[in-house]
Structure formats: structure tokens, C-alpha cells
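Summary of structural features
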Amino acid sequence: MEKRKFRKVMAANRGEIAIRIFRACTELGISTVAIYSEEDKLSLHRYKADEAYLVGKGKAPIDAYLGIDEIISIAKRADVDAIHPGYGFLSENAEFAEACERAGIAFIGPRAEMQRALGDKVSARKVAIAAEVPVVPGTEEPIEHEEEALIFAKQHGYPIIIKAAAGGGGRGMRVARNKKELLEGLVAARSEAKAAFGNPAVFLERYLENPKHIEVQVLGDHHGNLVHFYERDCSIQRRHQKVVEFAPSLSLTQKLRDEICNAALKIAGQVGYVNAGTVEFLLDQEGNWYFIEMNPRIQVEHTVTEMITGRNLVQAQILIAEGKKLSDPPINVPNQSAIAMRGYAIQCRITTEDPANNFAPDFGTITTYRSSAGFGVRLDAGNAFTGSVITPHYDSLLVKVTSWGLTFDEAAHIMNRSLQEFRVRGVKTNIPFLENVVTHPVFLAGTCDTSFIEKHPELLA
Ligand code: ADP
């Protein structure tokens, strides 16, 4: 792979992750290009870039950031060397990665064929099986006929989880506890999957009761080098969506950590993985662990890994796309043992959702915004400022707060102090709920499983 120095990079995204990408570029001396929809004409990411271009005029707000041809043509006009897709939108779209390549623009992420091999959960399971990593007992192929589902149920028993092969963000999943729920769920899940992901394929897995979600950050270069950055514990979820994430996990022995991190490297190695990716596992009550999926992109919660390892993952993504080796400065990771962990980091996703109203998204103008600051606090914000207009068009993430402390307890206390310091008026936020989470004794014990929020309705009070 030829090395080249990028002069200009576009973020094909919006909000906090676009700004995160611009910051990494600016630190590397690379100029930045934003795209923004009509609805985002006052959004901060537009103003944080050196250049900004309107995209998707007359299109629906979400579609503006999905128009491959238009985005590529803007990128060419702006003469960018590379495009970073962030997360969501086009980040896992193999056609977009190919379109970039065809246009002579570097795609900051894995190649299209890796996205194809991993982006679909059914094919990702096959990669894991080939790499001899345990997967949750499940169907090898998508379910075509009712009988296949009934045979699986006979073999493995209930509960069963029906999952969309193309699913993401906690959507496209249904739990079935008996035959009726399974048969009805299949029909509903298929049509939901088609509507949400344009692909009706669903498959089955045994549903693990109250597991922990442990995921491993990996990073590979174009020269065959691959390392992991340890794990994140993302067990604190609401409706299978992550709410609070932290690193390292308090539920792993060193032996278990080594096993799971090595399994992540095996899976990534199986496809010759390049750039940043996350390998996700579930850990059951008995200490068994299973691969569930791999996300071939940067994730929302990458900040906690950055805080405990002191490594800038988004910068590393850009440098890898330039053709640099992991050992090259400023990545400076000659081998696995170069990556050390220090302390604990916790991330809370502050959203404009009302916990008192079943987390319904709230909209309007932010009339007061004062954020927290101080020792141990990192903020990655999107449109978080006084006067900002929160619209219903995009996801409700307002600001990510990441706290860091030498111990988990210290990181939790800093997080609580930080959440208390926030003043957000004009729109409702989930801050009161997050405060309840990070002060809860079960949270402070550090060993929550995915049922924590559901089992503790007092968190909503
Ligand atoms: P998505 O791509 O939507 O994030 P995942 O496959 O990563 O979906 O699963 C998200 C969450 O759903 C997991 O963290 C876990 O809480 C739950 N989940 C997924 N598969 C299972 C399973 N087989 N048993 C129990 N819970 C599961």
C-alpha cells in the first residue's frame, strides 16, 4: 500500500462525530470539509469545519446524508483526499466505500469486502465460526420457513431471540418465549427488518438471560498488523440500546480478558481486518462468552477506550488510511504490549429525551446551556449551546460525557459531579435518569448486566 499524506478530509456525517473527526484532522494538520442538510444549516458541525457544503437540497433530512453520488461529487469538487464516514449513515455501506475508491478518494474505514463479510450478522457469525470462536447457538442461515424455526426451538428450547441480519442500534430484535411468540414474531420481525434496513432476512439465536455485553476495540493497518485496545463494558442498556459504557470491565478476570481479547483478534485476523472495529460478545451468568457481531467502524463509546489507553483512535484511523503502519509515529504501537491501560473511564450519553415520558424525544430551543468541566471530564458535543434548535429530524444525542479516574469509584463520582453541573433549559434531557444510574449501588458495584435498567424502575423516579 502506497503511503500518502492527506491534505483535506471530509466527514460524511453530522453532529458530535463530525466534530470529533474535524478535531483529529486539525491536530494532524489536515484541513476539514463538512456537509450539512438544510435542517442542519445552523448546526455546529457546519461551522467547525474549514469548508462546508449543503447536501440533499429538497431531500428528507436523513436522506441528505445518505446520497452517495451527491456526497462523492461534493468531495471531488472540494478536492478532498479522504472521507471519514463516522458512525451510522453511510459508515457500514459497502457501496459507499467502493464509490470512494472509484473516485480516487480514500475511505477511512475497512474495505468494502470486509464490510460485506462483517456487516451482516449471519455472515459475521460464519467468520467467527471459521476463526474457531464460540457464537451463541443459532441458525446458520436466515429463516425462510416456519418449520426451520420450529426445528431450532425443538433443539434449543425457549427463550429465542429473532434478529435481523442487517440490524443495528438495538433495532430489529424480538424475544420469543413460546411457539406462538416465535411464529408471530417471525412475521413481524421480517416486515420490520425490511422497513428499517431494506433487508427482511432474520435469523434465530438462543436468548441468554441477563448477559453482560463486553466488546473489544481492535485496530489493524494495511501491512498485516493488528492489535486490540482491551474491552468496554456496555451492559447498561435500555431496550438493547447502550446508555452508559465503561472500560475496563469489572466482570472479567485477567484470564477471561485475555481469552476474549484474543478471540476478537482471531475474528479480525480471519478477514485481514484494516482500520478500527469492534468485536462484540455476550458473557452469561456462568462465565461462558459468545461472539455476537462485529461493527466495522468507529463506535459512539470509543472515548472510554481512548481515555484508559491514552490513544487517539480517530487519528489512528486517518493515519492508517494514509498507509501508515501501527508502529509509525504518531500512532506508535509497535506491538500489543505497547498498549497499556490506566484507570477507569465511564461514558454517559446525554440525550434530549424525557425520562418522565418514556424517553420521548423532546424538541425546541435550548434557552440555557452550561456544561460541566474540570478534572477528569471529557465532553464530545454536537449542537449543545444556548440558542441551539433541537429538531426532531436526527438522533437525540446532545453531548457525550466521559469521566476518568484512577478507580471505577472515582470515575463514577466525577461523572455524578459532572452531570450535576450541567444546566440545560428549554428542552428536556435524560440527565436526572443518568444521575440515578451512576449513583445506584448496583452500578457502583460495577457488575450490572443488561437487565439492570429494566429491573430497577426507581431509576426513572
Ligand atoms: P445491534 O446490532 O442492534 O446493536 P446486537 O446483536 O449487537 O444488536 O445486540 C444488541 C444487544 O441485544 C446486546 O448487547 C444484548 O443486550 C442483546 N442481545 C443480542 N443478542 C442476544 C442474545 N442472543 N441473548 C440475549 N441478549 C441478546
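Predicted model only: the values in this text are computed from it and were never measured.

1. Quick word on the sheet that holds strand S1 (residues 8–11)
Strands sit in the order S3-S2-S1-S4-S5 across an open sheet of five strands; the sheet is parallel. Sheet topology places strand S3 (51–54) and strand S5 (106–107) at the edges, where each strand pairs with a single neighbour. Judged from the four bridges that link them, strand S2 (residues 31–36) and S3 form a sheet pairing that is parallel. Residue tyrosine 36 lies in a different strand from S3, and its bridge partner there is leucine 54. Lying over the sheet, helix H4 (residues 68–77) contacts S1, S2, S3 and strand S4 (82–84), oriented at roughly 145 degrees with respect to S3.

2. Notes on the sheet that holds strand S7 (residues 173–176)
Taken together, the three strands give an open sheet; going across it, the order is S7-S6-S8, and neighbouring strands pair in antiparallel fashion. For this open sheet the edge positions go to S7 and strand S8 (202–206), each flanked by a neighbour on one side alone. Strand-to-strand twist across the sheet, computed as the mean angle between neighbouring axes with direction ignored, equals 25 degrees. Pairing between strand S6 (residues 160–164) and S7: four bridges, direction antiparallel. The residue of S7 that forms the bridge with lysine 163 is methionine 173. Helix H8 (residues 146–156) contacts S6 and S8 of the sheet and is inclined by roughly 10 degrees relative to S8. Packing of helix H9 (residues 179–197) onto the sheet brings it into contact with S6, S7 and S8, and relative to S6 it is tilted by some 20 degrees.

3. Focus: a negative patch on the surface
A surface patch of negative charge is lined by Glu144, Glu146, Glu147 and Glu148. With respect to the helices and strands, the residue glutamate 146 is situated in helix H8.

4. Structural notes on helix H5 (residues 94–102)
Every buried residue of H5 is accounted for by Ala94, Phe96, Ala97, Ala99 and Cys100. As for H5, its buried residues are in contact with H4, S4, S5 and helix H6 (112–119). Its side-chain oxygen 2.9 Å from the backbone nitrogen of glutamate 95, asparagine 93 forms the N-cap of H5. Positive phi appears at glycine 104, one or two residues downstream of H5, with a value of about 75 degrees.

Parameters and conventions
- Residues numbered from 1 in each chain as written.
- Predicted model: local features only at pLDDT ≥ 70, side-chain atom pairs only at ≥ 80, totals over all residues.
- Heavy atoms only, no water.
- Pairing = 2+ DSSP bridges.
- Helix = DSSP H or I, 4+ residues; strand = E, 2+ residues; numbered from the N terminus.
- Contact = heavy atoms within 4.5 Å.
- Axes fitted to C-alpha atoms, helices over the stretch in contact; angles between N-to-C directions.
- Patch = residues over 30% accessible without salt bridge, like charges linked within 9 Å, V, L, I, M, F, W, Y side chains within 5 Å.
- Areas by Shrake-Rupley, 256 points an atom, 1.4 Å probe, with all protein chains shown as cover.
- Salt bridge = Lys/Arg side-chain N within 4 Å of Asp/Glu carboxyl O.
- Lys, Arg positive; Asp, Glu negative; His and termini not counted.
- Charge placed at Lys NZ, Arg CZ, Asp CG, Glu CD.
- Buried < 20%, exposed > 50% of the residue type's maximum accessible area, 1.4 Å probe, protein only.
- Polar contact = N/O pair within 3.5 Å; in protein donor to acceptor, adjacent residues only side chain to side chain.

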